[in-house]
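# Structure assessment
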Amino acid sequence: MLRNYLKIAFRTLWKNRTHTLINLVGLSVAFGTCILLFLTATFELSYDRFHADASRIYRLNFLDTQRDGTPDRGPIMPYPISPAIRTEFPEVEGVTRWFDQSASVRWQDKTFGEDVRRVDADFLTMFSFPMLQGKASTAMQGISDIVISEKMAKAVFGSVSPMGKTVQLRLGDQWKPFTVTGVAGDSPENSSLQFDALISSQNQDDYQAYKDKWDHGSHTVFIKLKSGVTPASLQPRLQALINKYFAGDIAERTKQGYPKNELGFQRSLLLQPLTDIHFDQSVGGNTTSRVYIYSLLVIGLFILVIACINFVNLTIAQSITRAREVGVRKSLGAQRSQLFGQIWGETVLLSGTALLLGLGMAYVLLPTFNKLFRSHLSIQNFLTPNVLLVTGLGFLLITLLAGGYPSWFVTRFSAVEVLKGKVKVSKPGVLRNTLIITQFAIACLLIVCTLIMRQQVTYLQQRPMGLNKEQVISVPVGGDVNGTTFLRQMRERLANQPNVVAVTGTGVNIGAGLDGSSSRMTYGFNYNKREISCDWLRVDFDYLKTLGIKLKAGREFSPSYSTDSTAAILVSESLARQLGEANPIGKYIEPDSGRKYQIVGVFADFNLYSLHKKAEPIALQMLPDNAINYVLVRVNPQNLTGAMETVKAAWKEIDPKHEFIGSFVDENVERWYKKEQRLSTIFSSAAGIAILLSCMGLFAVALISIEQRTKEIGVRKVLGASVASIVTLLAGDFLKLVLIAIVVASPLAWYAMNQWLGDFAYRIDMPWWVFILSGLLAVLIAFATISFRSVKAALMNPVKSLRSE
């Protein structure tokens, strides 16, 4: 019986090979696309969940409000808060600081640039990074202990055991010895905390100066609660801690009339779950928006729905061709359940083949997909029990939904009526029309989203930033050299180069450089009873000149003034407005207790960070305490390649041990918006696939519909109907459905894109022409798909179509 069913299934599929091919291609593409998109989303959602006690680990966040009532949340903490929590909260099992920094490591005659993070002793017992050598409880007890990753152990020591070996780390301007006391497993790709080595947070440069100060923050703090303790039960005592140690700041905010936060206080301390950190884009870094992840899932679902709609429509449209077969089988005693099983079995066979082809397609395209979308997928991601289980259940669900209704529809025919020849296919019903509208609405929705996303990305890339990003080379300073010394040596070597216009240094890169590093320093202070907040940026001479930033008043930093490197400051126009000074030149500010700075110049506002957020007030200073991390070189536009080679040659003379990773600032700025570009690419690819699958389905349904109306077309031609009128008649019914789909998709697309654009401080106005263009594209594509077969049917000789009459 089973062999007989298989024979019939193969014969049926081969007999209708055009429709079989359409279904097979559609389902294969849908399965392959969904597998890649769903695995990417699954990987993103798995961040930090590998830790055994992830549900008990939290990151501390301050919650304040701005003057306009906008919530102001941030994870940057002062040094004393960690020991205070450790001492005053017995409910806390572990506390650790986390400094996201790098350093140079020297072993014998070799030097390596590594991610050396500063943490506290509890770090290894709080998180589930396996210890390959050494003990988690004792490996970081000393200030000169260092725990290295397996990758770093192999890179630095090769096959030699690193335990007990002494390495040199460059901290600030000095090389300091550290003893290897442990080797930890490498951080997995889905970890928010990445490191090559761990040392005590007491090695931080400013630790001694600020370890007892509550008004200076420079790191994040993680805590691990004991079993049974919840953040809600701890919140009142955390608020008491804030009220105790920030009493002066709270009193000042209250005096100035700042609104209270959502908890009803001037300042609060919140616990952010570890598993939410990867999706928190307020602090930058390697984070991903949940919107991005859910978009992947929705796009995959959309494509799968379109493929299933094609299958359902084709199967129902073909029902008349199987009616006689069903009638004969019923007359021979076949039960309806047997017929259902046979026809549904054909669905399983076809879908199973499509799934295998989709898996093969996903495997072949995996390297390209990873490169294009910066994913980290491998075949191992698919071969996990959970993924295999979900895939199996999803496959069964799809076959039931896509094949269940058509199987029921076909088997409901009455054997008597079929054998009498009385069964006729009814006019297209609500179901078929609804399914066609749905698939074209999805296609139109994706087209609109693609066009708007590309408009927004283009706007972000072309919007003036307040500086000239063209023809500027950004060079990260190597960890082996002092930034100020390196800048001086670069200036000396580039001084007489005709390609070079200006050279300066800065602590923060413009855009996302090839080193992948990002940092930010902000200061909050009071000025004439005003609470001021600004970005605090270390620069050097010629910073405004190099970046083409306009000086509005006063002067720029100059070597002629010896106090510029210790007591002078430049402020942006927005910072001057915050100070409330019509002419701030000559005024003093005091962001640090005991240190005053005189304002010597005012410059035009510019975007130091991406346009996701509004430009913040900026203060430029030249304090030698803050490091120069990047050298910026403005070059002549005539020979950019030659200029880059000139800068590279100068680098090699100064620091030949390290790889040159200089890049143009305009390219760095484009990298700020890589995620938006990737999402736009995904949407455009999905829109193309959706349109292709929709047209394949529409073509097949139109083909069957026209075949069923062959005699009608013949009669119309005999009565004098023209080819154009017949084509219009045949295509009109389908084009009405496409127009309805456009009407349905437009408000949904408007709402979705309005929500997406809400994440940008600088955004485009929703362009009305995008909706018209997407509608025209959908109509033209649908008409071209239908008219191809309609014209052929209209040109058919009516003698052939009416011969049986």
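Figured I'd write up the structure that's included with this text. (Residues numbered from 1 in each chain as written. Predicted model: local features only at pLDDT ≥ 70, side-chain atom pairs only at ≥ 80, totals over all residues. Heavy atoms only, no water.)

Across its full length, the protein carries 26 helices and 25 strands. Per-residue burial for the protein yields a buried fraction of 50% across its 805 residues. A separation of at least 24 residues holds for 79% of the contacts in the protein among residues at least 6 apart in sequence. Of the accessible surface of the protein, which amounts to about 37,200 Å², a share of 57% is contributed by carbon and sulfur atoms. (Helix = DSSP H or I, 4+ residues; strand = E, 2+ residues; numbered from the N terminus. Buried < 20%, exposed > 50% of the residue type's maximum accessible area, 1.4 Å probe, protein only. Contact = heavy atoms within 4.5 Å. Areas by Shrake-Rupley, 256 points an atom, 1.4 Å probe, with all protein chains shown as cover.)

Moving on, we come to the nonpolar core. In this structure, Leu446, Ile510, Tyr543, Leu608 and Leu620 are the most contacted members of the largest nonpolar core, which totals 115 residues. In terms of residue count, helix 15 (residues 430–462) provides more of this core than any other element does, 15 residues in total. Apart from the residues lying within four places of it in its own chain, the contact partners of Leu446 are Ile299, Phe302, Phe683, Ala686, Ala687 and Ala690. (Core = buried A, V, L, I, M, F, W, Y, C linked by side-chain atoms within 4.5 Å.)

Looking down a regular strand, the side chains alternate between one sheet face and the other. The buried fraction of strand 5 (residues 103–107) is high, at four of five residues. Summarising the sheet, strand 5 and strand 6 (residues 110–114) pair through five bridges and their orientation is antiparallel. Bridge pairing links Trp107 to Lys110 in strand 6. Counted between consecutive antiparallel strands, the loop separating strand 5 from strand 6 contains two residues, among which Gln108 sits at a positive phi close to 60°. (Pairing = 2+ DSSP bridges.)

Here the focus is the packing of helix 23 (residues 710–718) against helix 24 (residues 723–757). Helix-helix packing is characterised by the crossing angle of the two axes and by the distance between the axes. Contact geometry of helix 23 with helix 24 gives a least axis separation of 10 Å together with a crossing angle of 150°. Judged on the interaxial angle alone, helix 24 and helix 23 are roughly antiparallel. Handedness of the helix 23/helix 24 crossing: right-handed. Facing helix 23, whose interface residues are Glu712, Ile713, Arg716 and Lys717, helix 24 presents Ile726, Leu729 and Leu730. Taken together, the residues of the contact of helix 23 with helix 24 sort by class into four nonpolar, no polar and three charged. (Axes fitted to C-alpha atoms, helices over the stretch in contact; angles between N-to-C directions. Parallel < 35°, antiparallel > 145°, perpendicular 65-115°, else oblique. Left-handed = near helix turned anticlockwise from the far one by under 90°. Nonpolar A, V, L, I, M, F, W, Y, C, P; charged D, E, K, R; others polar.)

With that out of the way, let us pick up the pairing of strand 20 (residues 568–572). Of all five residues in strand 20, five are buried; the element is thus mostly enclosed. Judged by which residues are buried, strand 20 turns out to be covered on both faces: Ala568, Leu570 and Ser572 on one side and Ile569 and Val571 on the other are all buried. Both strand 20 and strand 22 (residues 595–603) contribute to a ladder of five bridges, which runs parallel. Within strand 22, the residue paired with Ser572 across the bridge is Phe603.

Using the criterion set out here, one finds 21 salt bridges in the structure. Here Lys224 and Asp53 are joined by a salt bridge, their closest N and O atoms 2.7 Å apart. One end of the pair, Lys224, is in strand 13 (residues 217–225); the other, Asp53, is in the loop between helix 2 (17–45) and strand 1 (57–65), and 171 residues separate them in sequence. Overall, the relative accessible area of 22% leaves Asp53 in the partly exposed class. A salt bridge links Asp64 to Arg267; the shortest N-O distance between them is 2.9 Å. Placement of the pair is Asp64 in strand 1 and Arg267 in the loop between helix 8 (247–255) and strand 14 (268–273), with a sequence separation of 203 residues. A single burial state applies to Asp64 and to Arg267, both of which are buried. Taken together, the shared-partner salt bridges in this structure form one network comprising Asp53, Arg56, Glu93 and Lys224. (Salt bridge = Lys/Arg side-chain N within 4 Å of Asp/Glu carboxyl O.)

Attention now goes to the sheet that holds strand 24 (residues 630–635). Overall, antiparallel pairing links the four strands, which are arranged 16-24-15-25 in an open sheet. A single partner strand is all that each edge strand has here, and the edge strands are strand 16 (500–506) and strand 25 (663–664). Where strand 15 (residues 472–476) lies against strand 24, five bridges are found, and the strand directions are antiparallel. Looking at the pairing, Ile473 lines up with Val633 of strand 24. In the packing of helix 20 (residues 640–654) onto the sheet, the strands contacted are strand 15, strand 24 and strand 25, and the crossing angle to strand 15 comes to about 25°.

Attention shifts here to helix 20. The first and last C-alpha atoms of helix 20 sit 22 Å apart over 15 residues, in line with the 21 Å expected at 1.5 Å per residue. Every buried residue of helix 20 is accounted for by Gly642, Ala643, Met644, Thr646, Val647, Ala650, Trp651 and Ile654. Buried-residue contacts for helix 20 involve strand 15, helix 16 (483–494), strand 24 and strand 25. (Expected span 1.5 Å × (residues − 1).)

One can find Arg290 in helix 9 (residues 290–317). Measuring from C-alpha to C-alpha, the distance between Arg290 and Leu45 comes to 8.8 Å, with 245 residues separating the pair along the chain. Each residue touching Arg290, except ones within four places of it in the same chain, is listed here: Asp276 and Phe279. Engagement of the side chain of Arg290 in a polar contact is seen with the side chain of Asp276, the distance being 3.0 Å. (Polar contact = N/O pair within 3.5 Å; in protein donor to acceptor, adjacent residues only side chain to side chain.)

Further remarks concern a nonpolar patch on the surface. The grouping of Trp768, Trp769, Ile772, Leu773, Leu776, Leu777 and Leu780 at the surface amounts to a nonpolar patch, some 720 Å² of accessible area in total. Within the secondary structure, Leu777 is located in helix 25 (residues 768–794). Judged by relative accessible area, which is 35%, Leu777 ranks as partly exposed. (Patch = residues over 30% accessible without salt bridge, like charges linked within 9 Å, V, L, I, M, F, W, Y side chains within 5 Å.)

You will see that Asp48, though not glycine, has its phi angle at about 65°, which is positive. Examined against the element boundaries, Asp48 turns out to sit in the loop between helix 2 and strand 1. Exposure remark for Asp48: the relative accessible area of 1% places this residue in the buried category.

Here we take up the packing of aromatic side chains. Applying the stated criterion across every chain yields a total of 20 aromatic pairs. Ring centres of Phe43 and Tyr47 lie 5.8 Å apart, and the angle between their planes is 80°; on these two criteria the pair is classed as edge-to-face. Its relative accessible area of 11% is what places Phe43 among the buried residues. Feature note: the residues Phe50, Trp98, Phe123, Phe127, Phe129, Phe195 and Phe222 constitute an aromatic cluster, connected by ring pairs. Above the face of the Trp175 ring, Arg106 is positioned so that its terminal group lies 4.0 Å from the ring centre. Just above the ring of Phe62 sits the side chain of Arg267; from NZ or CZ to the centre is 5.3 Å. (Phe/Tyr/Trp six-rings, centres within 6.5 Å; stacked < 30°, edge-to-face > 60°. Lys NZ or Arg CZ within 6 Å of the ring centre and 35° of its normal.)

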